[in-house]
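Secondary and tertiary structure notes
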Amino acid sequence: MRRILPVPGCSDRPGTPAPLATPGAGGAIAAAADDPTVGGEVVAKAAEVDLDEAYAYPPGAGQTSYVRANFVSSVDGAAEVGGRSGPLGGDADRRVFQLLRWLSDVVLVGAGTVRHENYGPVIVTPERRDRRRAAGLAAVPPIAVVTATAGLDPGARLFDAEVRPVVLTCDAAPSAKRQALAAVAEVVICGDSTVDPASALAALAERGMTRVLAEGGPLLHAQLAGAGLLDELCLTVAPLLAGPGRMGIVEGPPWPEPTTMRLVQALIEDGNLFLRYLRGPRDS
């Protein structure tokens, strides 16, 4: 029986501490305790936490852009092994990864990650399509790709999709590449020489895509967070050491100062931690 511990004062709902819990079968979180006192804190009683509820977007996310990032990393901070994130994630991480896609309006990703991970379209089950429609969402969320160079292959499997991807690029991207991509995607200009993150989010919001799930890569993540545009981070910490020389979840030029996050949820399964942070300091 796994030990769980409420995180005092860390919930995004006042008066409701979020427990450290255990994801169970069927998409629920089973929480159980074997010791009433750990570290001076009260351990949560046996309960179930629904993943849909645990990862629900706040109500305001339907009206204005709300950016949630999802990453997996090793305990020593590596976001990749062999250039890919897949080796870090297990079954539970894949469940959360899939759920977060199903809850979003759009999946935002950088072109480098699309190429390295061989991205395809989002797959949504019939039951989930019905639930999305009932919630006022499109049946399937599109992939939106950030690329300053329009350096994507129009024949890539990403573009073999029932919902056309969105390519967020800039005026400096070669016109021939933009024209080629326009045959398989919606191409949107979001800057002069680079893609401006705020303009990209505004372009998505104009299309009704305000619940934004950012899946990387680390450079895009750093750009969003550094510009104050990241509202939430969902981080899976895998129980392994990847070793030196690995890429982390943020890359690029240094920031003038750190960005403060506050922990609002912690779940555990098979040694994997599922942490959810919101931007800003902990409430007093």
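This is a predicted model, so every value here is computed, not measured. (Residues numbered from 1 in each chain as written. Predicted model: local features only at pLDDT ≥ 70, side-chain atom pairs only at ≥ 80, totals over all residues. Heavy atoms only, no water.)

To continue, consider the overall build of the protein. Broken down by element type, the protein carries seven helices and 15 strands. When each of the 284 residues of the protein is scored for burial, the buried share is 47%. Put simply, 64% of the contacts in the protein that link residues at least 6 apart link residues at least 24 apart. (Helix = DSSP H or I, 4+ residues; strand = E, 2+ residues; numbered from the N terminus. Buried < 20%, exposed > 50% of the residue type's maximum accessible area, 1.4 Å probe, protein only. Contact = heavy atoms within 4.5 Å.)

What follows covers the pattern of salt bridges. This model, assessed by the stated rule, comprises 14 salt bridges. Between D91 and R94 there is a salt bridge, and its shortest N-O distance comes to 2.7 Å. Here D91 pairs with R94, and both are found in helix α2 (residues 91–103), just three residues apart, close to one helical turn. Look at D91 and you get exposed, because its relative accessible area is 56%. For R207, the salt bridge identified is with E186, shortest N-O distance 2.7 Å. Placement of the pair is R207 in the loop between α6 (197–206) and β12 (211–214) and E186 in strand β11 (residues 186–189), with a sequence separation of 21 residues. Residue E186 is classed as partly exposed on the basis of its relative accessible area of 33%. (Salt bridge = Lys/Arg side-chain N within 4 Å of Asp/Glu carboxyl O.)

A few words now on the pairing of β11. The side chains of a regular strand alternate between both faces of the sheet. Of the pairings in the sheet, the one linking strand β10 (residues 166–169) to β11 comprises four bridges and is parallel in character. For T169, the partnering residue across the bridge sits in β11 and is I189. Crossover connection from β10 via helix α5 (residues 175–182) to parallel β11: handedness right-handed. (Pairing = 2+ DSSP bridges. Right-handed = clockwise from strand over helix to strand, strands pointing away.)

The subject of this paragraph is the side chain of E232. For E232, the location among the structural elements is in strand β13 (residues 232–238). Residue classification places E232 among the buried positions, given a relative accessible area of 0%. Of note is the side chain of E232, whose polar atom sits 2.8 Å from the side chain of R276. Residue contacts for E232: discarding those within four places in its chain leaves Y66, V67, R68, A69, R276, Y277 and L278. (Polar contact = N/O pair within 3.5 Å; in protein donor to acceptor, adjacent residues only side chain to side chain.)

Interpretation of the predicted coordinates at a detailed level should be avoided for regions scoring low in pLDDT. Per-residue pLDDT for the protein averages 83, and the proportion of residues at 70 or more is 82%. Scored below 50 in pLDDT, residues 1–47 shows 108 contacts in the model against residues more than four places distant or in partner chains. (pLDDT = per-residue confidence, 0-100.)

Moving on, we come to empty space enclosed by the protein. If a probe as big as a water molecule is rolled over the atoms, it shows which places are left empty. One pass over the full model with this rule turns up two cavities of 30 Å³ or more. Within this model, the largest cavity holds a volume of roughly 60 Å³. P121, V122, V140, P141, P142, I143, L158, A161, E162, V163 and P165 are the residues that line the largest cavity. For the lining of the largest cavity, the per-class residue count stands at ten nonpolar, no polar and one charged. (1 Å grid on protein atoms, 1.4 Å probe; cavity = no way out; pocket = protein on both sides within 12 Å on 5 of 7 lines; lining within 4 Å. Points joined across faces, edges and corners; volume = space filled by probe spheres on them. Nonpolar A, V, L, I, M, F, W, Y, C, P; charged D, E, K, R; others polar.)

Our next topic: α2. The end-to-end C-alpha distance of α2, which contains 13 residues, comes to 19 Å, matching closely the 18 Å that a straight helix rising 1.5 Å per residue would cover. When α2 is considered as a whole, its buried residues turn out to be A92, D93, V96, L99, L100, R101, W102 and L103. (Expected span 1.5 Å × (residues − 1).)

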